[in-house]
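Reading the structure
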Amino acid sequence: MLGDNESAVIAVTSTLRSEGKSTTALNLAAAYAQEGRRTLLIDANLRSPVLHTVFGITNRSGLVQVLAEGTPFESCAMQSGIDRLTLLTSGPTPYNPSELLASRRMDELLEQARQKYDVVIIDTPSLLDVTDSQLIASKCDGILLVVRAGKVKQSAAVKAKELLIHAKANVLGFVMNGA
């Protein structure tokens, strides 16, 4: 999917909670960084963020400040401890997550990130919980759907696929967890 001279924005989502999407997003970002690509990992799960806990860092500022206040993302982004992997945590839970993610500032952030990074990986909420993932998917080059074996009923997976099609998302593929 990625050539030598192009950048990509990839969202990672799941049908339901606790399917492993944050772990998949983190591992994918780390793999790109270890391959030598400048990588930005964004925690866009503004309602239930987890990436800051994985890295053991504060979540006092992040994506929310960039989108709500216009803070430059470079001032909120942090080094992850993995070479070439930068982390933008979610920041404090806002009262209007969907509006922030659908905003022009989100478009501007992704455009700036494309210019600075080779790969941008976005950890999003699960599809059947809120509309946030659909909003983000429409702004990305592609989306990966994480599915935990034995957890998701076929009808829920079909509904998730329909939501992504409705959002005109480019589904890159599926990750089967726990198989």
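Attention here is on the structure that accompanies the text. (Residues numbered from 1 in each chain as written. Predicted model: local features only at pLDDT ≥ 70, side-chain atom pairs only at ≥ 80, totals over all residues. Heavy atoms only, no water.)

1. A few points about the overall build of the protein chain
Counted only if it meets this: In this text, helices come from DSSP runs of H or I with a minimum length of four residues, and strands from runs of E with a minimum of two, each type numbered from the N-terminal end. Atoms counted for the radius of gyration: C-alpha only. Globule rule: 2.2 Å times the number of residues to the power 0.38. To sort residues, take the accessible area from a 1.4 Å probe on protein chains only and compare it with the maximum for the residue type: under 20% means buried, over 50% means exposed, and anything in between is partly exposed. What makes two residues a contact is simply this: any of their non-hydrogen atoms within 4.5 Å. Values of accessible area rely on a 1.4 Å probe in the Shrake-Rupley scheme; residue burial ignores everything except the protein chains shown. Note on charges: Lys and Arg go in the positive column, Asp and Glu in the negative column, and His and the chain ends are not counted at all. To locate a charge, the coordinates of NZ of Lys, CZ of Arg, CG of Asp or CD of Glu are taken.
Helix and strand counts for the protein chain stand at eight helices and seven strands. For a compact globule of 179 residues, the expected C-alpha radius of gyration is about 16 Å, and the protein chain comes in at 15 Å, within 12% of that figure. The dimensions of the protein chain, computed from C-alpha atoms along their principal axes, are 45 × 35 × 30 Å. When the 179 residues of the protein chain are sorted by exposure, 54% land in the buried category. The long-range fraction of contacts in the protein chain, counting pairs at least 24 apart against all pairs at least 6 apart in sequence, stands at 80%. Counting every atom, the protein chain has about 8400 Å² of accessible surface; 49% of that belongs to carbon and sulfur. Here the protein chain contributes 18 positively and 18 negatively charged side chains, and the mean placements of these two sets differ by 5 Å.

2. Concerning the packing of aromatic side chains
Just so we agree on the cut-off: For Phe, Tyr and Trp, rings pair up if their centres lie within 6.5 Å, where Trp contributes its six-membered ring, and each pair is then called stacked (planes under 30 degrees apart), edge-to-face (over 60) or tilted (otherwise).
Overall, the coordinates contain one aromatic pair when judged by the stated rule. Ring centres of Phe 73 and Tyr 117 lie 6.3 Å apart, and the angle between their planes is 50°; on these two criteria the pair is classed as tilted. Taken together, the residues span a long stretch of sequence, with Phe 73 in helix 4 (residues 73–76) and Tyr 117 in the loop between helix 6 (104–116) and strand 5 (119–123) at a distance of 44 residues. Summarising the burial analysis for this pair, Phe 73 and Tyr 117 share the class buried.

3. Some thoughts on the pattern of salt bridges
Convention followed: We count a salt bridge whenever a side-chain nitrogen from Lys or Arg sits within 4 Å of a carboxyl oxygen from Asp or Glu.
Scanning the entire structure with this criterion turns up eight salt bridges. Asp 123 serves as the salt-bridge partner of Lys 21, at 3.6 Å between the closest nitrogen and oxygen. Separated by 102 residues along the polypeptide, Lys 21 in helix 1 (residues 21–34) and Asp 123 in strand 5 bring together distant segments of the chain. We classify Asp 123 as buried; its relative accessible area is 0%. The partner of Asp 141 in a salt bridge is Arg 114, with the nearest N and O atoms 2.8 Å apart. Of this pair, Asp 141 sits in the loop between helix 7 (132–137) and strand 6 (142–148) while Arg 114 sits in helix 6, and the two are 27 residues apart along the sequence.

4. Observations concerning the side chain of Ser 98
Within the element layout of this structure, Ser 98 appears in helix 5 (residues 97–101). Ser 98 sits in the buried class, given a relative accessible area of 16%.

5. Observations regarding the sheet that holds strand 7 (residues 171–177)
What counts here: Two strands are said to pair when DSSP picks up at least two bridges between them. Convention adopted: a line fitted to C-alpha atoms gives each axis, helices being fitted over their contacting stretch, and angles between N-to-C directions are expressed from 0 to 180 degrees.
Read across the sheet, seven strands follow the order 3-4-2-5-1-6-7 without closing on themselves; strand pairing throughout is mixed. The sheet is open, and its two edges are formed by strand 3 (78–79) and strand 7, each paired on a single side. Pairing analysis gives six bridges linking strand 6 to strand 7, with the strands arranged parallel. Pairing of Arg 148 across the sheet is with Asn 177, part of strand 7. With respect to the sheet, helix 1 is in contact with strand 1 (8–14), strand 2 (39–43), strand 4 (85–88), strand 5, strand 6 and strand 7, its orientation differing from that of strand 5 by roughly 170°.

6. Notes on the environment of Pro 92
One can find Pro 92 in the loop between strand 4 and helix 5. Residue Pro 92 is classed as partly exposed on the basis of its relative accessible area, which comes to 37%. Here Pro 92 is in contact with Asn 59, Arg 60, Ser 61, Val 64 and Gln 65, once residues within four sequence places are set aside.

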